[in-house]
Amino acid sequence: MTTEHTPVPYTGPQRVLSGVQPSGDLHLGNYLGALIKFVALQDQMECLYCVVDLHAITQWQDPKQLTRQTREIAAAYMAAGVDPKKAIIFPQSAVPEHTELAWIFQCVARLGWLDRMTQFKEKTGKHKERHSVGLYTYPVLQAADILVYKATHVPVGEDQRQHLELTRDIAAKFNHDFEAPAFFPLAQALVEGPGARIMSLRDGSVKMSKSDPSDQSRITLTDDADAIASKIRKARTDPEPLPSDEDGLKGRAEADNLVGIFAALSGQTKAQILATYAGQGFGQSFKPDLANLLVEKLAPVSAEMRRLLADPAEIDRTLAAGAEKARAIAAPIVADTKKLVGFWPG
Ligand code: AMP
Ligand code: TRP
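Just so we're clear, the structure is a prediction, and the values are computed from it rather than from any experiment.

1. Topic: empty space enclosed by the protein
- Counted according to the given criterion, the structure contains one cavity of 30 Å³ or more.
- Counted as a void, the largest cavity has a volume near 60 Å³.
- Surrounding the largest cavity, Met-117, Gln-119, Phe-120, Lys-123, Leu-135, Tyr-136, Tyr-138, Pro-139 and His-163 form its lining.

This is how it looks when you write it as structure tokens:
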């Protein structure tokens, strides 16, 4: 999407914000597309990581499970290596400034912009009239999540690129309409890396997702070694052997996905992985090695998650302290925004 407004350079501090919905078990796509980037960034910039419970309720969530899953996502952040002493971890709904700014942004964003959002179309299919209004305005709330902290960098998977474009369009239009050049930054999506788009293990043409009805399609952070080994053994491939270079992965979505997962987890390139396994069948040593690598990387995360979840009161203390720190950043930004809009007392 393009805007007719010319961007003016933003000179405020660099800041990271991202979020994950507490709407189901975290999977390998979330881990590689988001969590490991969260960890890497916490030593480079000020980071805020929220559990986006307001986004989760755009589709029905059982209230008791929502609370539990919110703690689980917070535990997953920390188990993956996010350190609450370095990064701010909090539940989105505990910072009311997100919803306050979202309303203002609903009056900035155009219906035509939202009509183009592919994620809404994917989630609703043929029956959009049965879905919540919140699911439609979801990307506007996401823009508010980011801009309520004037965040400049947003680590996410590939599927969020379009929402980040919309966030920039909203920032640019707000800055233009209220004659406040560079008031909001044009936030940049941090998508790069082989883990940006992990596909289903059953079908290389659809992304790995929490909502796929088949449990075999994804590896979750709570899968044990046996489950991981069995899912990888059964993961769909094609009858050809592994190719010797990346060109040989073209048109072979399932093979490409497994090699990509191997590369992302091992910190190697796809070419390096192929150099080791070229010419072999997938079942020979590639799949067993991949399963071992997954267990090696994920088992400590899930063990640490279990340890943290055994003490929910400690997680709650972390979330409450995080919410307080987040509000301290958001409140003055929302106050300035309201002034620009002309809300009383001006
Ligand atoms: P969600 O589960 O939709 O709340 O997504 C949380 C984060 O994980 C976002 O940054 C997504 O872009 C990322 N993500 C979700 N699914 C995948 C996937 N299959 N591959 C890579 N990243 C993903
Ligand atoms: N829409 C994101 C997803 O489904 C979650 C999200 C909500 C988010 N608010 C955000 C991600 C702000 C980055 C920044 O994955």
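2. Digging into the packing of aromatic side chains
- With the rule as written, the count across this model stands at 15 aromatic pairs.
- Between Phe-105 and Phe-174, the aromatic rings sit 6.3 Å apart at their centres with planes inclined by 70 degrees, giving edge-to-face as the arrangement. Note that Phe-105 is positioned in helix 4 (residues 97-106) and Phe-174 in helix 8 (residues 161-177), a separation of 69 residues in sequence. Considered together, Phe-105 and Phe-174 belong to a single accessibility category, that of buried residues.
- On the basis of an interplanar angle of 45 degrees and a centroid distance of 5.3 Å, the ring pair of Phe-262 and Phe-286 is categorised as tilted. With Phe-262 in helix 10 (residues 253-266) and Phe-286 in helix 12 (residues 282-309), this residue pair connects regions lying 24 residues apart in the sequence.
- On the basis of relative accessibility, which here comes to 7%, the residue Phe-262 falls in the buried class.
- Here the aromatic residues Phe-105, Phe-174, Phe-178, Phe-183 and Phe-184 are joined through ring pairs into a cluster of three or more.
- For Lys-150, the ring lying beneath its charged end belongs to Phe-183, and the centroid distance is 3.8 Å.

3. Some points on the site of ligand 2
- Taken together, 13 residues lie around ligand 2, and Gln-21, Tyr-138, Gln-142, Asp-145 and Gln-160 are the ones closest in.
- In the model, a nitrogen atom of ligand 2 is placed 2.7 Å from a nitrogen or oxygen of the Tyr-138 side chain.
- Within the side chain of Asp-145, a nitrogen or oxygen atom sits 2.7 Å from a nitrogen atom of ligand 2.
- Given that more than half its atoms are within 2 Å of the pocket grid, ligand 2 belongs to the largest pocket.
- Broken down by secondary-structure element, the contributors of at least two residues to the shell around ligand 2 are strand 1 (15-20) and helix 7 (133-147).
- No other element matches the four residues that helix 7 contributes to the shell around ligand 2.

4. Here's the deal with the environment of Met-117
- Locating Met-117 in the fold gives a position in the loop between helix 5 (111-115) and helix 6 (118-124).
- Sequence separation between Met-117 and Ala-255 is 138 residues; the distance between their C-alpha atoms is 29 Å.

5. Let's talk about the site of ligand 1
- Near ligand 1 there are 18 residues, and of these Gly-157, Asp-159, Ile-198, Met-208 and Lys-210 occur at the shortest range.
- Between ligand 1 and Asn-30 there is a distance of 3.0 Å, counted from an oxygen atom to a side-chain nitrogen or oxygen.
- Within the backbone of Ile-198, one N or O atom sits 2.7 Å away from a nitrogen atom of ligand 1.
- Relative to its unbound accessible surface of 480 Å², ligand 1 loses 91% to contact with the protein.
- Judged by the fraction of its atoms near the pocket grid, ligand 1 is located in the largest pocket.

6. Notes on the domain arrangement of the protein
- The assigned domain composition of the protein is domain 1 (15-197 + 311-341) and domain 2 (222-306).
- Centre-to-centre separation of domain 1 and domain 2, based on C-alpha positions: 30 Å.
- Contact residues are listed per partner, giving 12 residues for domain 1 and 13 residues for domain 2.
- Carbon and sulfur atoms make up 78% of the surface buried where domain 1 meets domain 2, a total of about 920 Å² over both sides.
- Linking domain 1 to domain 2 there are zero salt bridges.
- There are zero residue pairs in polar contact (both at pLDDT 80 or more) connecting domain 1 and domain 2.
- Mapped onto the side of domain 1 that touches domain 2, the elements with two or more residues apiece are helix 1 (28-41) and helix 3 (63-80).
- Residues belonging to the side of domain 1 that touches domain 2 are distributed by class as follows: eight nonpolar, one polar and three charged.

About the thresholds
Residues numbered from 1 in each chain as written. Chains lettered and ligands numbered in written order. Predicted model: local features only at pLDDT ≥ 70, side-chain atom pairs only at ≥ 80, totals over all residues. Heavy atoms only, no water. 1 Å grid on protein atoms, 1.4 Å probe; cavity = no way out; pocket = protein on both sides within 12 Å on 5 of 7 lines; lining within 4 Å. Points joined across faces, edges and corners; volume = space filled by probe spheres on them. Phe/Tyr/Trp six-rings, centres within 6.5 Å; stacked < 30°, edge-to-face > 60°. Helix = DSSP H or I, 4+ residues; strand = E, 2+ residues; numbered from the N terminus. Buried < 20%, exposed > 50% of the residue type's maximum accessible area, 1.4 Å probe, protein only. Lys NZ or Arg CZ within 6 Å of the ring centre and 35° of its normal. Near = heavy atom within 4 Å. Polar contact = N/O pair within 3.5 Å; in protein donor to acceptor, adjacent residues only side chain to side chain. Sits in = over half its atoms within 2 Å of the grid points. Areas by Shrake-Rupley, 256 points an atom, 1.4 Å probe, with all protein chains shown as cover. Domains from an automatic or database assignment. Contact = heavy atoms within 4.5 Å. Buried area = accessible area lost by both parts, 1.4 Å probe. Salt bridge = Lys/Arg side-chain N within 4 Å of Asp/Glu carboxyl O. Nonpolar A, V, L, I, M, F, W, Y, C, P; charged D, E, K, R; others polar.

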